[in-house]
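Structural overview
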Amino acid sequence: MDGSGTFHLTDTIPCAGEEKRVGTRTVVVGHRTVSETDAYVAQKFCDNRIVSSKYTIWNFLPKNLFEQFRRIANFYFLIIFLVQVIVDTPTSPITSGLPLFFVITVTAIKQGYEDWLRHRADNEVNKSTVFIVENAKQVQKESEKIKVGDIVEVKADETFPCDLIFLASSSVDGTCYVTTASLDGESNFKTHYAVRDTTVLCTDEAIDALTATIECEQPQPDLYKFVGRIIIYRSNQEPIARSLGPENLLLKGATLKNTKKIYGVAVYTGMETKMALNYQGKSQKRSAVEKSINAFLIVYLCILLSKATVCTTLKYVWQSNPRNDEPWYNEKTKKERETFKVLRMFTDFLSFMVLFNFIIPVSMYVTVEMQKFLGSFFISWDKEMYDEEIKEGALVNTSDLNEELGQVEFVFTDKTGTLTENSMEFIECCIDGHKYKDCISEVDGFSQTDGPLKYYGKAEKSREELFLRALCLCHTVQIKEADQVDGLIGHPECKHTYISSSPDEIALVKGAEKYGFTFLGLENDFMKIRNQKNETEMYQLLHILNFDPVRRRMSVIVRTITGKLLLFCKGADSSIFPRVQQEEIQQTKVHVDRNAMDGYRTLCVAFKELTQKEYDKIDRQLNEAKMALQDREEKMAKVFEDTEADMHLIGATAVEDRLQEQSAETIEALHAAGMKVWVLTGDKMETAKSTCYACRLFQTSTELLELTVKTVGESERKEDRLHELLLEYHKKLIQDVPKHRSGLKRSWTLSQDYGLIIDGSTLSLILNPSQDSSSSNYKNIFLQICLKCTAVLCCRMAPLQKAQIVRMVKNTKGSPITLSIGDGANDVSMILEAHVGIGIKGKEGRQAARNSDYAVPKFKHLRKLLLAHGHLYYVRIAHLVQYFFYKNLCFILPQFLYQFFCGFSQQPLYDAAYLTMYNICFTSLPILAYSLLEQHINIDTLTSDPQLYMKVSDNAMLQWRPFLYWTFLGAFEGLVFFFGVYFLFQNSSLEDNGKVFGNWTFGTIVFTVLVFTVTLKLALDTRFWTWMNHFVIWGSLAFYVFFSFFWGGVIWPFLKQQRMYFVFAHMLTSVSTWLAIILLIFISLFPEILLIVLKNIKEKNHQTGPFDLPMLVSYKRIENGYVKTEDAVTNSAERYPLRIL
C-alpha cells in the first residue's frame, strides 16, 4: 500500500511521504503485541467510566460553597455576617446569617439533588454488563472495566459501551445497522462497514487470533469525523494497512439494529468517547433581566452606603455635645475613652451598614431561581405545543432565559425543515432541456408521447435511461426490507422501505422508481437496479465521494458488467455548472431557474466516462488521501475536486418541499409583534425567494433590493459595483426618508416595505473585504440597510455565515435581543450564537434541538412560545424584581428614620426574629405564586393580538422610569408607616390604665402595617386569582399573626432579653392601635386604589368591552404608532392599558 506496509508501531517513521504526525494514538487490538522484538511503549488511556456529575461526597461542600459565594449578593451577605460576628453590632449575627444560610442551603440541596440524579444515571451505565473476548472466550465484565484495545461483542438492540472500530459482524457482507437517536436524535438506520480484511472473523476464536494495531487521531467531539488506519499483521506476509473513517466507527450511545451481533475493538473509552466530549455545556447566556437586577443592586448599594454615611456623620455631630455624648446615667468605660476615634467611626459605620443591610434582598436570587425553574414546566406542559405526529411536546433545555422570550427583536430562521416540512416529493425533471412531468403510464416509462408530453418534446431514449440510472446509483440510500406478510412472500412488487440521512435522496430514488427504474439495494459492493424491461442490472460500487456542505454535491464511481467505468454526480447547479461542458448548460439552466421560481428544490445530474488509467489514478489518490492521519479532509477535497471535472450534464430534477402548516400566519404574527424576521438558508435564491413569498415574509408590495452574484457580477469590478449598490440602497432607505418623531419605538416599517436579498458570496465580500479595497465601511452601510428592511433573505449561506450574521446584528447599537430557530446540524452555530436558540425536532436529526435553549415540534409553536409564554414570563419576573426592591425599601426606611429619634445609637426598630423572617417567611410565597401564575391578559388574547407583545418590548418594565416609580412608592409607604405610628405615639397614654407603650411595641406596630401593606399591594396587582394565590396571600398574613402571638407568648430560655414577651398580644388590646393599623394600611395603598378607580371609570367611558385587565408599570406611551396600522395599535392599547408614568 504505497509504502504503508513497512509501517511500525513507533511514531518516528512518517508514512507515505506524510509529514510527521502529532496527536495520534496507537491501539493494540486485543492487547496482542505484534512481535517480541518490537520496541513498544504502552500508552496510558483512561478507563471506561462515565462521569457527568460535578461533585463527589468529599468535594461537594467546599466546591458548592465556593461556587455560591462567587455570586456578589451571597458574598456581600457573608461579609455582613462576619462583621456582625466580629464587631459589636446592634443586631444579632443570626439576622443576616439565617437568611443567608437558608438561601445557601436551598441552592445546595437543589444542586446536590440534580447531581445525585447524574450519579445515578452514570452508575446505570458504568455498572451495565458487557462481553469481552479474552483468550478466545467471552468474559462478562462491568462496562467501566473496558480498556482501550479490548475486543467487545455487542448483540442486537444493545448500545455500544464505548467507541469501537467495527471488525466483524454476523452478516456476511460485514455491515451493520445502527441508530444514533441518543446522540443526534436521528432514528433512521445508518449503515456501518467492518474493516474489509476482518469481516470473516465472526467467531470468538477467529477474532481473538487477529494481530493488528490501529493508528488514529486523539479524541475529538465531532460525531461525524474520524481519521485512522488499521495495520493487520499476518505470519510470513507483509502487513496490510487499511484506512478507517466514520463509517467504521461505532459510537458509544448508539444502538445496534437488524444485526445479530458485531465485534469491535475499543479505541476511545469513558470521558474520551465522542458522546462524553459532547457533554460540555454551552456558553452561559445571561438574560437582560439579570443585567437590570445588577444595575438596580448597585443603586441600592449606593443608597445603603449613603444611609450609613449620613447616620455615622450625624452620630458624631450629635455626640459633639458632651451631654449627649456622655449623659450622667451612661458614663463611658475607660476602654471606650481610649479607643481611637477613627477606629470608632469605622466600627460605627460598619454597624450602620449591618443595621440597614436588609435593603439588599438576598432571598430575591433564590426566588428568581425557583421562579425560572418552576416556570419552565409550563412550556413543557403546554398541550397546544404537543405534536401528535412525533408524540412529543416542547422541551426546555435551559430555564435561565424564559423572560428573554418576551423581548425578542430579531428572529433568524432556517428555511428547509423549519418553514418547510422537509418532506420531499419528486415533481418533475428535465433531460437535455426536455421537461418530463408526472403523467406517465407505468408500463412504458418515459416512452409515452401522447398527452402533455407531446407538448414538452423528449430526449433520446438512451439519455433518458442514463439519467434514470444516475438517479438510481448516485445516492447513499439503504433498503430496509418490509416485514413479509402472508400472501406477499416472494411477490416481485413487494415494496421496499428506503432509508437515508437526506429526504431529498429518497424522493429522487422514488422518482426514478415511478418512471420504471427501481433501486433494489446494495449487496457485496454491487448496486442492483431493475430497469423498465424488468431486467436486473448490476453495478460494482467502487467509490462514493460523499456530499458535504462546502462542495454541495456528491458522486459515485461504478463499473458496469461490461467493464465500463462511470462517474455519476448530482448537486446544486452552482457547483455542477462550472464542472460541465459550457455549451450544455443553457438548455437545462432555463428549467432550473423556472423550477426555482416555482419554489422547488433543484439538483443537477452529470456524468463522465473514465478510462481504466484515469480510474487507477483516482483510486490511488483517494486511497492515499484516506490513509492520511493529518489533514485527511483537505486532501480528500482536493482529489474530489480533480475527479469531478469535465463532466457532461444530463439533466436536472425538481423536488417540492411543502410549507409547514401555519408558517405564513406565524411570520405575519411575528411581524405584527414588531419583530423582524430574517431567513438564512443554504438554498438557491429563486427557491428561497418563492418560499418567502409563500410564507408572507415578502408581500406583493415589498420592493426587493438584491445584493447577489447576479446584481454584483463576477467581474474584477465586483467590489466597486457592490459599493455602488450599497450607497444607492443606503440613499433610498436612509437619506431620502423623512425623519420620524423621536418617541417611536420599533418604528422600522417605512411608508414603503423593503426586502433585502443577499447571497453567501456577496456576504463574504462585505464581511471579509480584500485588503486594498476602500471598503472598511461596507459592513456599517450594509447593517444600516438591513435594519431598515422589513424582511431579509440570506441564501446560499454556509453554517458559519449564519452565525456571523447573527453576531453582526447582536453586536449593533442597543444590543437587540436575537432569536435563532432551525432544525438541522447546519443551524447549530447560529442557535448557539443568538441570545435565545430554538431547535425544531425535525427530520434532519436532533443536533439543533440538543444544542438549543428551547426545542419545539413545529415552527408554528414559536407564535405561542413568544407572544404568550414570553410575554407573561417577562411581566412576571419584572414585577418580581421591582416588588422585591420595593418591599425591602419599605422595610428599611423606617429603621433609618428611627435613628433620628434615638441619638443615632444603632438601636434596631424591629425585633431580630422579624428582621430574619421578613424576607424568608412573611413576604416570599405570595410573590413566588404571583410570578408563576399571573396572567394579566388572557393567553388566547395574547396569542391572537400580537401587537400586545410590543407593550413589554425593549425591557419596558425594568427601565429606570418604572424603577424610580417603585422606589418612590416604597419611600412614600416607608414614611407613612413610620410617621403614622410616630404621631399615634404623641398621645402618651395609649392604654386604659395610663401606661405607656415601649419602643418594641412601636416597632411591632410599624412592622405589622408593613407586612399587611406589601402583601395587600400584591393582591391589588393580581389579575388572575387561583386557589393558590388566595392560599399564600391570606395564609402568609395569618402565619404572621400566629407567629407573633407564639413568639411573644412564650419565655424562650435561649434569649438573653425577653423583650417581645406579650408585646404583640398587649398591643392589640388598644383600640387606637387597631384603628391606626387599618388607617395606615389604607393611606399607604390609597394611590394604588385611586389609580385603579380612575382606570375603571376611563374604561366605562370608552365602553370597549368587558375586559378586566391590568395596569403594568411601563414607560411606553399608548399613543405611539409602532407600525403602519397605527389605529389598530392604539385600539388594542386602549383595550389593554399600561400604566403611564
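What counts, and at which threshold
Residues numbered from 1 in each chain as written. Predicted model: local features only at pLDDT ≥ 70, side-chain atom pairs only at ≥ 80, totals over all residues. Heavy atoms only, no water. Helix = DSSP H or I, 4+ residues; strand = E, 2+ residues; numbered from the N terminus. Buried < 20%, exposed > 50% of the residue type's maximum accessible area, 1.4 Å probe, protein only. Contact = heavy atoms within 4.5 Å. Pairing = 2+ DSSP bridges. Axes fitted to C-alpha atoms, helices over the stretch in contact; angles between N-to-C directions. 1 Å grid on protein atoms, 1.4 Å probe; cavity = no way out; pocket = protein on both sides within 12 Å on 5 of 7 lines; lining within 4 Å. Points joined across faces, edges and corners; volume = space filled by probe spheres on them. UniProt positions renumbered as here; feature names shortened; annotations may be inferred.

1. A short note on the side chain of Ser 931
- By the secondary structure assignment, Ser 931 is in helix H31 (residues 924–933).
- Relative accessible area serves as the criterion here: at 1%, Ser 931 is assigned to the buried category.
- Setting aside its immediate chain neighbours within four residues, Ser 931 contacts Gln 371, Arg 876 and Leu 880.

2. Considering the sheet that holds strand E10 (residues 240–244)
- As summarised here, the arrangement of the four strands in space is E1-E8-E9-E10, forming an open sheet in which the pairing is antiparallel. The open sheet is flanked by strand E1 (24–28) and E10, the only strands paired with a single partner. For this sheet, the mean angle separating the axes of adjacent strands, direction not counted, is 20 degrees.
- Packed on one face of the sheet, helix H18 (residues 612–627) meets strand E9 (228–232) and E10 and runs near 80 degrees to E10.

3. Examining empty space enclosed by the protein
- Under the criterion given, the structure shown has two cavities of 30 Å³ or more.
- Here the second largest cavity is characterised by a volume of approximately 30 Å³.
- Phe 77, Pro 99, Phe 358, Ile 360, Val 362, Leu 915, Thr 916 and Asn 919 are the residues that line the second largest cavity.
- In terms of residue count, helix H30 (residues 912–922) provides more of the lining of the second largest cavity than any other element does, three residues in total.

4. Side note on the UniProt feature "binding site: Mg(2+)" (unreviewed entry) in the chain
- Under the UniProt annotation, the feature "binding site: Mg(2+)" (unreviewed entry) is placed at Asp 414, Thr 416, Asp 823 and Asp 827. The greatest C-alpha distance among the annotated residues, which extend across 414 residues, is 10.6 Å, indicating that they converge on a single site.
- Tracing the chain through its elements places Thr 416 in the loop between strand E15 (410–413) and strand E16 (420–431).
- Of the residues examined, Asp 827 reaches a relative accessible area of 0% and is grouped as buried.
- Sequence-distant contacts of Asp 827, defined by excluding residues within four places in its chain, comprise Asp 414, Lys 802 and Gly 822.

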